Every structure is written in C-alpha cells, then in structure tokens.
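# Topology and contacts: notes
So the chains spell out like this:
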Amino acid sequence: MGVVTPGFTGRARGANPRLPPGQYLAEEFPVLTAGPTPRVSTERWEFSVVTESGERRSWSWPELMALPSEKITVDIHCVTQWSKLDTRWRGVPVDSLVGDLDTAADYVMAHSYGGYTTNLPLADLLGGQAWIAYEYGGKPLTPEHGGPARLLVPHLYFWKSAKWVRELRLTTKDDPGFWEASGYHDYGDPWREQRYQGD
Ligand SMILES: Nc1nc2c(c(=O)[nH]1)N[C@H]1C(S)=C(S)[C@@H](COP(=O)(O)O)O[C@H]1N2
Ligand SMILES: [Mo]
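An unreviewed UniProt entry lists the protein chain under the name Sulfite oxidase-like oxidoreductase, with Amycolatopsis silviterrae given as the organism.

### Looking at the site of ligand 1
Near ligand 1 you find 20 residues, and of these Pro 30, Ala 34, His 145, Arg 150 and Lys 163 are the closest. The contact in question runs from a nitrogen atom of ligand 1 to an N or O atom on the side chain of Ser 112, over 3.4 Å. Within the contact set of ligand 1, an oxygen atom lies 2.6 Å away from a side-chain nitrogen or oxygen of His 145. When the residues that make up the shell around ligand 1 are grouped by side-chain class, the tally is 13 nonpolar, four polar and three charged.

### Points about the pairing of strand S2 (residues 46–50)
Of all five residues in S2, four are buried, a share of seventy percent or more. Pairing between S2 and strand S3 (residues 56–60): five bridges, direction antiparallel. Bridging across to S3, Glu 46 finds its partner in Ser 60.

### A closer look at the pattern of salt bridges
In a structure, side chains of opposite charge can pair up when their charged atoms sit close to one another. Taken as a whole and judged by the stated rule, the model has 12 salt bridges. Notably, a salt bridge pairs Asp 75 with Arg 18, separated by 2.8 Å at the nearest N-O pair. One end of the pair, Asp 75, is in strand S4 (residues 70–77); the other, Arg 18, is in the segment before strand S1 (24–25), with 57 residues separating them in the sequence. With its nearest N and O atoms 2.6 Å apart, the salt bridge here joins Glu 167 to Arg 169. Exposure remark for Glu 167: the relative accessible area of 4% places this residue in the buried category. One salt-bridge network, held together by shared partners, links Arg 56, Arg 166, Glu 167 and Arg 169.

### Digging into the pairing of strand S6 (residues 107–112)
Within S6, five of the six residues are buried, leaving the element largely enclosed by the surrounding structure. Across five bridges, S6 lies against strand S7 (residues 117–121) in antiparallel orientation. Bridge pairing in S7 places Tyr 107 opposite Pro 121. Of the strand pairs in this sheet, S6 and strand S11 (residues 165–171) are connected by six bridges, and their pairing is antiparallel. Among the inter-strand pairings, His 111 is bridged to a residue of S11, identified as Glu 167.

### Points about the confidence of the model for the protein chain
In this model, the protein chain carries a mean pLDDT of 94, and residues with pLDDT of at least 70 account for 93%. Confidence, expressed as mean pLDDT per element, reaches its minimum in the protein chain at helix H2 (residues 95–98) with 96 and its maximum at strand S10 (residues 150–152) with 99. Long-range and interchain partners of residues 1–11, a stretch whose pLDDT sits below 50, account for three contacts in this model, where long-range means more than four residues apart.

### Notes on the side chain of Lys 163
Structurally, Lys 163 can be placed in the loop between S10 and S11. For the buried Lys 163, which has no salt bridge, the nearest side chain bearing the opposite charge is Glu 144, at an N-O separation of 8.4 Å. A polar contact is formed between the side chain of Lys 163 and the backbone oxygen of Glu 144, at a distance of 2.9 Å. Discounting chain neighbours no more than four positions away, the residues touching Lys 163 are Val 31, Leu 32, Thr 33, Ser 112, Glu 144, His 145, Gly 146, Ala 149 and Arg 150.

Quick notes on the rules
- Residues numbered from 1 in each chain as written.
- Chains lettered and ligands numbered in written order.
- Predicted model: local features only at pLDDT ≥ 70, side-chain atom pairs only at ≥ 80, totals over all residues.
- Heavy atoms only, no water.
- Near = heavy atom within 4 Å.
- Polar contact = N/O pair within 3.5 Å; in protein donor to acceptor, adjacent residues only side chain to side chain.
- Nonpolar A, V, L, I, M, F, W, Y, C, P; charged D, E, K, R; others polar.
- Buried < 20%, exposed > 50% of the residue type's maximum accessible area, 1.4 Å probe, protein only.
- Helix = DSSP H or I, 4+ residues; strand = E, 2+ residues; numbered from the N terminus.
- Pairing = 2+ DSSP bridges.
- Salt bridge = Lys/Arg side-chain N within 4 Å of Asp/Glu carboxyl O.
- pLDDT = per-residue confidence, 0-100.
- Contact = heavy atoms within 4.5 Å.
- Lys, Arg positive; Asp, Glu negative; His and termini not counted.

Below, the structure is given as structure tokens:
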C-alpha cells in the first residue's frame, strides 16, 4: 500500500450524499419477503396497539381510513444494499395511534400477518418518524409490498418496516425480532451501517 492513485483516493468521491455507506441506487422497487405473501382483505384486516399491561386499542380498515393521514416522500435503505430515493407514500403517523396511551415501555415488537416480527425502540416510532402506510406512488399498497398496510420507518434499514403489520406490542425489554434473532442488528441505522449484531 502507500501508493495513492489519483481519482481513486475516496470511494465517496462523486457519490450521492443521500446514499448511506455501502448502498447503491435502485431504480426498481425490489420485493423482499421471507416466506409467502399473506393476502389480507380489508374486511378482515385489523390493527392493534397493545401496552405492556395488556391495554389494547384496535382499528378496523374503515377506522384507519378515517384517521388523518400524511403524504410522505422518503429515501429507503435495504440491508441487502439497495436504496431508493424519494419514494412516495401515504399513511397514518404512529403518533396518532400510540400517542396518549399509558405506557412505560421503551420498545416495540411489530407483529405481521404471516408471523414476521421486528423490534424497535418506541421513540423511533414517534415524533413523525414512522407511519402505518397504505398507499405507495399514489396507489393502494400492493400485497407484495405489504398491502393493505405496512409499517414505514424510513430512517432505519427497511427490514424494520414490517409489511402486513397487524400489531405493535409495547414492551419494557428489547427482544429480538425475526431477522434480529438470526444476527441482524437490533437498531439498524443505515448511516452507521448497523447491519449485523456488533456493527
Ligand atoms: N412481514 C414482513 N415484513 C417485511 C419483510 C418480510 O419478509 N415480512 N421483509 C423486510 C425486508 S428485509 C425488507 S428490505 C422490506 C422489503 O420491502 P419491499 O418488499 O416492499 O421492498 O420489507 C421488510 N418487511
Ligand atoms: Mo431487507
């Protein structure tokens, strides 16, 4: 080593500043699902938030649709290294679903139809950082991408954005979810490249 070839001194040279380390730009929208795609009709769809003491709040599809929603344009980053910029969604902020619940919980386990789980700090779902998203690109979210509704937490790696989300379970302890239990990072900040446990 010791020889520096001009033009190759920095990997970041000319790189898109919106791309976290180790990521590349995807034009398409890849589908990443562990297992089959659950088909959940909006008639039987239900979403709940449950506190550590067992207090439960549930919303039917019409009830979710009746809540104020937001249009969101965000960059998303998958741990398999694709990022997609300026993705457009509509959803209900998690703040309005969890906001005034009586809880001392610091963590959340998101549970999906089909059995997928992922863990996050409660604080990362609040403050306008996370949504229950039901539209993508101006259209209803397709089943492949988590429709009728998915969690959207764009500031963390995209495996935290649970598709077909069914329940947010508030907990006082940080238990690992599906990917976290097989070695993926508990937090998953793409800007700190927290891909695996220990990163
Ligand atoms: N229920 C469920 N949610 C999931 C997954 C999954 O397998 N099941 N995969 C995760 C992973 S690893 C990624 S990168 C994104 C992919 O979302 P997409 O298929 O819409 O691109 O969903 C996340 N949410
Ligand atoms: Mo992923």
